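# Reading the structure
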Amino acid sequence: MQVRMTICIVTLSVFFHNSSVFAADETRSSLAFSGGRSVALNACASPIVAIADPGYECSEDHTIYRLAYIYKFTPAWGIEISGGDVANANGVGTYTQGGTYPNKWQLKADGWAIAGIANLTIGKSFSLFGKLGVIRTQLHEEDYDLVSGVWLITSSLNGVPVTGTEVYSPIYGVGFQYDFTKTYGIRVQYENFGQYDIYSYYGASTPEKVRITAASAGLVINF
């Protein structure tokens, strides 16, 4: 709720802020190279993980890297196209099914997103921004058992193939940018990549939705 309120405040502030055209020497485009941590909340609620032995270790957060291109139509309004990692949950432990086998599991997500951006410039070097858009997320779930020294992939669960899926979801984010020079700056942001009902495919009656959020920081090149 606080994040959504912040987006509304930034957007309304920018709306009433002076959105005059660019000066002749102002930059319109930027590239942002960012890295951070994402959390795929409820990813470890996968039915595949649920049948593992007690003591199975599962982590829902992981390092991600993304690249974004930003174009400003005016100092206040712009568009962003970004791509790269979204989430990567991992598990490790054992399964006991006709024997005890070491196991490793992964739910990896990546995707391309497009979003509109509202900017509020404060001084010459600092700006706040809020964004709203849509992402095409590709999710890949994989599960392996170590049998006789060979990692064998699990092909299905409850008769349903363990495969990837592609989902479109609305996204939003907030952050700030500080420019050290006309060309270089840093960008810090929080993003919500949406929620995904991916475990109902296995026949779960009330599956937990996977909710993905991320916090990141990175280098910005203005041109």
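Everything here concerns the structure above.
First, a word on scope: everything that follows refers to the structure included in this document. Note that the structure is predicted; figures quoted are calculated from it, not measured.

## Notes on the environment of P207
For P207, the position within the fold is in the loop between β11 (184-196) and β12 (210-222). Sequence separation between P207 and S46 is 161 residues; the distance between their C-alpha atoms is 8.4 Å.

## Some thoughts on the nonpolar core
Counting residues in hydrophobic clusters, the biggest one holds 29 residues, and the most contacted among them are A43, W105, L107, F193, Y199 and I212. Filtering out sequence-adjacent residues up to four positions away, F193 remains in contact with R66, V86, I135, S169, P170, I171, I212 and A214. Membership of the second largest hydrophobic core comes to six residues, among which are A32, I70, F129 and V220.

## Some remarks on empty space enclosed by the protein
The gaps left among the atoms become clear once a water-sized probe is rolled over them. Tallying each qualifying case throughout the model produces one cavity of 30 Å³ or more. Size it by volume and the largest cavity reaches roughly 130 Å³. In terms of lining residues, the largest cavity is bounded by 18 residues, among which S34, R66, Q189, E191 and S216 are the most central. Considering each element in turn, the lining of the largest cavity owes the most residues, five residues, to strand β3 (residues 61-72). Tallied by class, residues from the lining of the largest cavity come to six nonpolar, seven polar and five charged.

## Things to note about the packing of aromatic side chains
Per the counting criterion, the structure on display carries four aromatic pairs. A cation sits over an aromatic face here: K104 above Y144, 5.7 Å from the ring centre.

## Considering unusual backbone geometry
Backbone geometry at S148 places phi at a positive 55 degrees, although glycine is not the residue there. Turning to its location among the elements, S148 is positioned in the loop between β6 (126-147) and β7 (150-153). Owing to a relative accessible area of 74%, S148 belongs among the exposed residues under this scheme. In this structure, N158 is a non-glycine residue whose phi angle is positive, near 55 degrees. Of the residues examined, N158 reaches a relative accessible area of 61% and is grouped as exposed.

## Thoughts on the pattern of salt bridges
A pair can form between side chains of opposite charge whenever their charged atoms are brought close. Under the definition given, this model contains six salt bridges. Residues E191 and K131 are paired through a salt bridge, measuring 2.8 Å at the closest nitrogen-oxygen approach. In this pair, E191 is assigned in strand β11 and K131 in strand β6, connecting sequence segments 60 residues apart. Judged on exposure class, the residue E191 and its partner K131 are both buried. Note that R136 is salt-bridged to E166, the shortest N-O span being 3.9 Å. Of this pair, R136 sits in strand β6 while E166 sits in strand β10 (residues 164-179), and the two are 30 residues apart along the sequence. The exposure class of E166 is partly exposed, given its relative accessible area of 42%. The network of salt bridges with shared partners includes E80, K131, R187 and E191.

## Observations concerning a nonpolar patch on the surface
Residues Y69, I81, W112, I114, V134, Y168 and F223 make up a contiguous nonpolar surface patch of roughly 720 Å² in combined accessible area. When its relative accessible area of 55% is taken as the criterion, W112 is described as exposed.

## Side note on the pairing of strand β5 (residues 100-122)
With 19 bridges connecting them, strand β4 (residues 77-96) and β5 associate as antiparallel partners. If you follow E80 over to β5, its bridge partner there is A115. The hairpin turn running from β4 into β5, its antiparallel successor, is three residues long, and G98 in that turn takes a positive phi close to 75 degrees. In terms of strand pairing, β5 meets β6 through 20 bridges, oriented antiparallel. Residue pairing in the sheet places A115 in a bridge with G133 of β6. With antiparallel pairing between neighbouring strands as the criterion, β5 and β6 make up a hairpin whose turn holds three residues, including G123 at a positive phi of roughly 75 degrees.

The rules behind these values
Residues numbered from 1 in each chain as written. Predicted model: local features only at pLDDT ≥ 70, side-chain atom pairs only at ≥ 80, totals over all residues. Heavy atoms only, no water. Helix = DSSP H or I, 4+ residues; strand = E, 2+ residues; numbered from the N terminus. Core = buried A, V, L, I, M, F, W, Y, C linked by side-chain atoms within 4.5 Å. Buried < 20%, exposed > 50% of the residue type's maximum accessible area, 1.4 Å probe, protein only. Contact = heavy atoms within 4.5 Å. 1 Å grid on protein atoms, 1.4 Å probe; cavity = no way out; pocket = protein on both sides within 12 Å on 5 of 7 lines; lining within 4 Å. Points joined across faces, edges and corners; volume = space filled by probe spheres on them. Nonpolar A, V, L, I, M, F, W, Y, C, P; charged D, E, K, R; others polar. Phe/Tyr/Trp six-rings, centres within 6.5 Å; stacked < 30°, edge-to-face > 60°. Lys NZ or Arg CZ within 6 Å of the ring centre and 35° of its normal. Salt bridge = Lys/Arg side-chain N within 4 Å of Asp/Glu carboxyl O. Patch = residues over 30% accessible without salt bridge, like charges linked within 9 Å, V, L, I, M, F, W, Y side chains within 5 Å. Areas by Shrake-Rupley, 256 points an atom, 1.4 Å probe, with all protein chains shown as cover. Pairing = 2+ DSSP bridges.

Read these as layout, nothing more, since geometry by itself doesn't imply function.
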